[in-house]
Amino acid sequence: MIGEQRAVRAFLLCETTVRGPLEVELRDSMPTTDPRSGELIPVPPLVVLWADERPHAVRIRSVVAVNRFPPNARLVSLLEGEAELAGLSVERVWEAGLWRLFSQPPRPWVAH
C-alpha cells in the first residue's frame, strides 16, 4: 500500500519512480511551433503509470485517463481520489485507449 501511495504521489507530481512492479514514466514531447509567430511552444510531458508492464493511467496536462478495468483496481481507486482532490479531471477509458494516448504526442495549447 505504501508503494502504491508513493507511485500515485509521483504520478500526480509528474516525477519518475520505480517501486517494484509500479513505475511512473515521463515521456517528453517535442516542442511545436506557433504558426502565427513562429515561436517554439513547449509541450508538457505525458505521465504514464505502469503496473506489471500494463498502463493503468496516463496524465495529459490536467486530465488523468485511467484504465476502465485495471488489473490493480485498488491502485486506480486511490489515484482517482487523489487526482480529484488535486483538481484534475478523471476519465475512464479502455486499456487500448491508454496505449493510443501515449503512442502520439499531445497537441499543444495555443493561447488565443
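Criteria and cut-off values
Residues numbered from 1 in each chain as written. Predicted model: local features only at pLDDT ≥ 70, side-chain atom pairs only at ≥ 80, totals over all residues. Heavy atoms only, no water. Helix = DSSP H or I, 4+ residues; strand = E, 2+ residues; numbered from the N terminus. Polar contact = N/O pair within 3.5 Å; in protein donor to acceptor, adjacent residues only side chain to side chain. Contact = heavy atoms within 4.5 Å. Buried < 20%, exposed > 50% of the residue type's maximum accessible area, 1.4 Å probe, protein only. Pairing = 2+ DSSP bridges. Axes fitted to C-alpha atoms, helices over the stretch in contact; angles between N-to-C directions. Salt bridge = Lys/Arg side-chain N within 4 Å of Asp/Glu carboxyl O. Expected span 1.5 Å × (residues − 1).

Some thoughts on the side chain of Glu 80
- Tracing the chain through its elements places Glu 80 in helix H2 (residues 73-85).
- Polar side-chain contacts of Glu 80 include one of 3.0 Å to the side chain of Arg 92.
- Every residue in contact with Glu 80, bar those within four places of it in the chain, is listed here: Val 66, Val 90 and Arg 92.

Re the pairing of strand E6 (residues 54-60)
- Among the 7 residues of E6, 5 are classified as buried, and the element is accordingly described as predominantly covered.
- In this sheet, E6 lies alongside strand E5 (residues 46-51) in antiparallel orientation, the contact comprising 5 bridges. Bridged to Val 47 within E6 is Arg 59.
- The turn linking E5 back onto E6 is made up of 2 residues, and Asp 52 within it adopts a positive phi angle of 55 degrees.
- The pairing of E6 with strand E7 (residues 63-67) spans 4 bridges and is classified as antiparallel. Opposite Ile 60, over in E7, you have Val 63 as the bridge partner.
- As consecutive antiparallel partners, E6 and E7 are separated by 2 residues, and within that stretch Arg 61 has a phi angle of approximately 55 degrees, a positive value.

Notes on the sheet that holds strand E2 (residues 22-27)
- The strand order across the open sheet formed by 6 strands is E1-E2-E5-E6-E7-E8, and the pairing between neighbours is mixed. In this open sheet, the two strands that pair with only one neighbour each are strand E1 (17-19) and strand E8 (89-93). Going across the sheet, the axis of each strand differs from the next one's by a mean of 20 degrees, ignoring polarity.
- Lying on the sheet, helix H1 (residues 2-12) is in contact with E1, E2, E5, E6 and E7; it crosses E2 at an angle near 10 degrees.
- On top of the sheet, H2 reaches E2, E5, E6, E7 and E8; it is set at about 165 degrees to E7, its chief contact.

A few points about the pattern of salt bridges
- Under the definition given, this model contains 5 salt bridges.
- A salt bridge links Glu 4 to Arg 74, with the shortest nitrogen-to-oxygen separation between them at 3.0 Å. Pair noted here: Glu 4 is in helix H1 and Arg 74 is in helix H2, with a separation of 70 residues, a long-range link.

Here we look at H2
- Over its 13 residues, H2 extends 18 Å from the first C-alpha to the last, a length consistent with the 18 Å expected when each residue adds 1.5 Å.
- By the burial criterion, the buried members of H2 are Leu 75, Val 76, Leu 78, Leu 79, Glu 80 and Ala 83.
- Tucked into the core, H2 has its buried residues touching H1, E2, E5, E6, E7 and E8.

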